[in-house]
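One letter stands for each residue in the lines below.
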Amino acid sequence: MTARIREFLRTRREDGPCVVVDLDVVRDNYRAFAHALPDTRVFYAVKANPAPEILRLLASLGSCFDAASVVEIEMALAAGATADRISFGNTIKKERDIARAHQLGVRLFAVDCLAEVEKIARAAPGAKVFCRILCDCDGAEWPLSRKFGCVPEMATDVLEQAHRLGLEAYGVSFHVGSQQTNTEAWDIALASASTIFRECAERGIHLRMVNLGGGFPARYLKPVPGVESYGDAIFRALSRHFGNRLPETIIEPGRGMVGDAGIIETEVVLVSKKSENDDVRWVYLDIGKFGGLAETMDESIRYPIRTTRDGDEMAPCVLAGPTCDSADVLYEKVPYLLPVSLEIGDKVLIEGTGAYTTTYSAVAFNGFPPLKSYVI
Ligand SMILES: *Cc1c(COP(=O)(O)O)cnc(C)c1O
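Residues numbered from 1 in each chain as written. Predicted model: local features only at pLDDT ≥ 70, side-chain atom pairs only at ≥ 80, totals over all residues. Heavy atoms only, no water.

Caption draft 1: Seen up close, the side chain of His102. Among the structural elements, His102 can be located in helix H5 (residues 95-103). On the basis of relative accessibility, which here comes to 18%, the residue His102 falls in the buried class. (Helix = DSSP H or I, 4+ residues; strand = E, 2+ residues; numbered from the N terminus. Buried < 20%, exposed > 50% of the residue type's maximum accessible area, 1.4 Å probe, protein only.)

Next up, the structure:
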């Protein structure tokens, strides 16, 4: 926890859970990306945390933005980004949203099939498109499904069709899975990307850009490689597959940009047992899966948790949220070690919660308000 967040929480009086994001950490993270991948443009993935203060800071530092909807595009514009710094990176778009984005000046769109190319040709004539390819997400703690992307063999046809319809076939994108702890994960996808570049060139289409996606990790319980290691591994993989004809590259960090900039403060609502001789306590917090901790789904993301009693003896707990939904359990398969002395009313800090918390929090499940957010 940063000194600024500590000071903020010390003086906070409002009731209820909240996330506090320290902009100094976001600034450091942006600079670390820019330094580790000096020839790559950064497109911040807005969905990770769209707080206006974060978008404004990143816009002022020179970041570009990966938006998934017209509203995210509008947020990036409101933060000071010009339309040429915004990519409409969702492969699933309504044609009228494509038209709206085009009207707003956006010229860069993701596709992964012919039908989407046709929509863009109609609604955003002349735009640049890149084709997303499926990618094996081994090594990612929050893998992405087969929902986005096509097999590499299909991408060449998709891009050729874009070219035929008057669009600029611009490049290839992929996402190696979020919280990707293997720095070599980009290698296979870059091999596919270079094949697509070659096949397109044989058809007279000269692609220019590889979108390396997100996947850069935040620090949770386990140590993760530093951003420099990712930069080195990606540069080596690019050289291996593209030789000295390196394409333009962009990255779309979300979690890696804001994850470790935020902390959630929550309160213990109840500590109980299911039977007299149960040795695992149930600890219920005033935040759960519907209050912003959706990434505990399948216990994928294990956040570091701090209490004021951390020196005391520890014992395993099932950790759960406050709503009346039985899915609202954070950690049960692998119980969480917490101090035996933990009591009702204790404040608990959940670290690494700057990404994918406010955006996942429900509007009013059971009347609990959405996660309060402070950006300092
Ligand atoms: C969500 C998303 C990202 C961000 O991924 P992280 O793993 O959080 O860095 C990047 N690109 C696209 C297209 C996304 O959908």
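Caption draft 2: Here's a closer look at the site of the ligand. Near the ligand there are 13 residues, and of these Lys47, His175, Ser178, Glu252 and Tyr356 occur at the shortest range. With respect to the ligand, the side chain of Ser178 contributes an N or O atom lying 2.5 Å from an oxygen atom. A distance of 3.0 Å separates an oxygen atom of the ligand from a polar backbone atom of Gly215. Compared with its free state, where it exposes 390 Å², the ligand has 89% of that area covered by protein. For the shell around the ligand, a count of residues per class yields three nonpolar, five polar and five charged. (Near = heavy atom within 4 Å. Polar contact = N/O pair within 3.5 Å; in protein donor to acceptor, adjacent residues only side chain to side chain. Areas by Shrake-Rupley, 256 points an atom, 1.4 Å probe, with all protein chains shown as cover. Nonpolar A, V, L, I, M, F, W, Y, C, P; charged D, E, K, R; others polar.)

Caption draft 3: Up close: helix H8 (residues 186-202). In this model, H8 (17 residues) spans 24 Å end to end at C-alpha, consistent with the 24 Å of a helix rising 1.5 Å per residue. If you check which residues of H8 are buried, you get Trp186, Asp187, Ala189, Leu190, Ser192, Ala193, Ser194, Ile196, Phe197 and Cys200. Looking at the packing, one finds that the buried side of H8 touches helix H7 (152-164), strand E8 (168-173), strand E9 (178-180), strand E10 (209-211) and helix H9 (227-242). Immediately beyond the C-terminal end of H8, within one or two residues, lies Gly204, with a positive phi of roughly 80 degrees. (Expected span 1.5 Å × (residues − 1). Contact = heavy atoms within 4.5 Å.)

Caption draft 4: How the structure looks around the sheet that holds E8. If you trace the eight strands once around the closed barrel, you get E2-E3-E4-E5-E6-E8-E10-E11, paired in parallel fashion. On average, adjacent strands in this sheet sit at an angle of 30 degrees to one another, irrespective of strand direction. Sheet analysis places strand E3 (residues 64-67) next to strand E4 (residues 86-88), joined by three bridges and oriented parallel. Bridging across to E4, Phe65 finds its partner in Ile86. Contacts from H8 reach E8 and E10 within the one sheet, and its direction differs from that of E10 by about 150 degrees. (Pairing = 2+ DSSP bridges. Axes fitted to C-alpha atoms, helices over the stretch in contact; angles between N-to-C directions.)

Caption draft 5: Up close: the pairing of strand E1 (residues 18-21). Across the two faces of E1 the burial is the same, with Cys18 and Val20 and Val19 and Val21 all buried. Bridge count for E1 against strand E18 (residues 372-375) is four bridges, and the pairing is parallel. Note that in E18 the partner of Cys18 across the bridge is Lys372. Of the pairings in the sheet, the one linking E1 to strand E12 (residues 262-272) comprises four bridges and is antiparallel in character. Each residue of the ladder has a partner; that of Val21, found in E12, is Gly262.

Caption draft 6: Quick look at the packing of aromatic side chains. Within the structure shown, the criterion is met by 12 aromatic pairs. Ring geometry for Phe8 against Tyr374: centres 4.8 Å apart, planes inclined by 50 degrees, an arrangement best described as tilted. Taken together, the residues Phe8 in helix H1 (residues 3-11) and Tyr374 in strand E18 connect sequence positions 366 residues apart. Through a chain of ring-to-ring contacts, the aromatic side chains of Phe33, Trp186, Phe216 and Tyr230 assemble into a single cluster. The ring of Phe88 is capped by Lys93, whose NZ or CZ atom sits 5.7 Å from the centre of that ring. When the ring centre of Tyr170 is taken as origin, the NZ or CZ atom of Lys128, which lies over that ring, is 4.5 Å away. (Phe/Tyr/Trp six-rings, centres within 6.5 Å; stacked < 30°, edge-to-face > 60°. Lys NZ or Arg CZ within 6 Å of the ring centre and 35° of its normal.)

Caption draft 7: The domain arrangement of the protein, seen in detail. For the protein, the assigned domains read domain 1 (23-258) and domain 2 (260-375). Computed from C-alpha atoms alone, the centre-to-centre distance between domain 1 and domain 2 is 33 Å. Across the boundary between the two partners, domain 1 contributes 21 residues, which contact 20 residues of domain 2. Roughly 1800 Å² of surface becomes buried between domain 1 and domain 2 when both sides are summed, with 61% attributable to carbon and sulfur atoms. Together, Trp142, Tyr220 and Leu221 form the three largest contributors to the area buried by domain 1 at its contact with domain 2, with a combined 35%. Where domain 1 meets domain 2, there are one salt bridge. For Glu295, the salt bridge goes to Arg255, with nearest N and O atoms at 2.7 Å. Our enumeration of links across domain 1 and domain 2 arrives at seven residue pairs in polar contact (both at pLDDT 80 or more). If you tally residues by element for the side of domain 1 that touches domain 2, the top one is helix H2 (residues 23-36), at four residues. Residues belonging to the side of domain 1 that touches domain 2 are distributed by class as follows: 12 nonpolar, five polar and four charged. (Domains from an automatic or database assignment. Buried area = accessible area lost by both parts, 1.4 Å probe. Salt bridge = Lys/Arg side-chain N within 4 Å of Asp/Glu carboxyl O.)

Caption draft 8: Geometry of the pattern of salt bridges. One pass over the structure, following the stated rule, counts 24 salt bridges. Put simply, Glu7 and Arg10 hold a salt bridge, and the shortest N to O gap is 2.8 Å. Within this pair, Glu7 and its partner Arg10 are both found in helix H1, separated by three residues, close to a single helical turn. Given a relative accessible area of 39%, Glu7 falls into the partly exposed group. Among the residues examined, Arg10 registers a relative accessible area of 55% and is labelled exposed. Through salt bridges with shared partners, a single network forms among Arg4, Asp22, Asp24 and Arg27.

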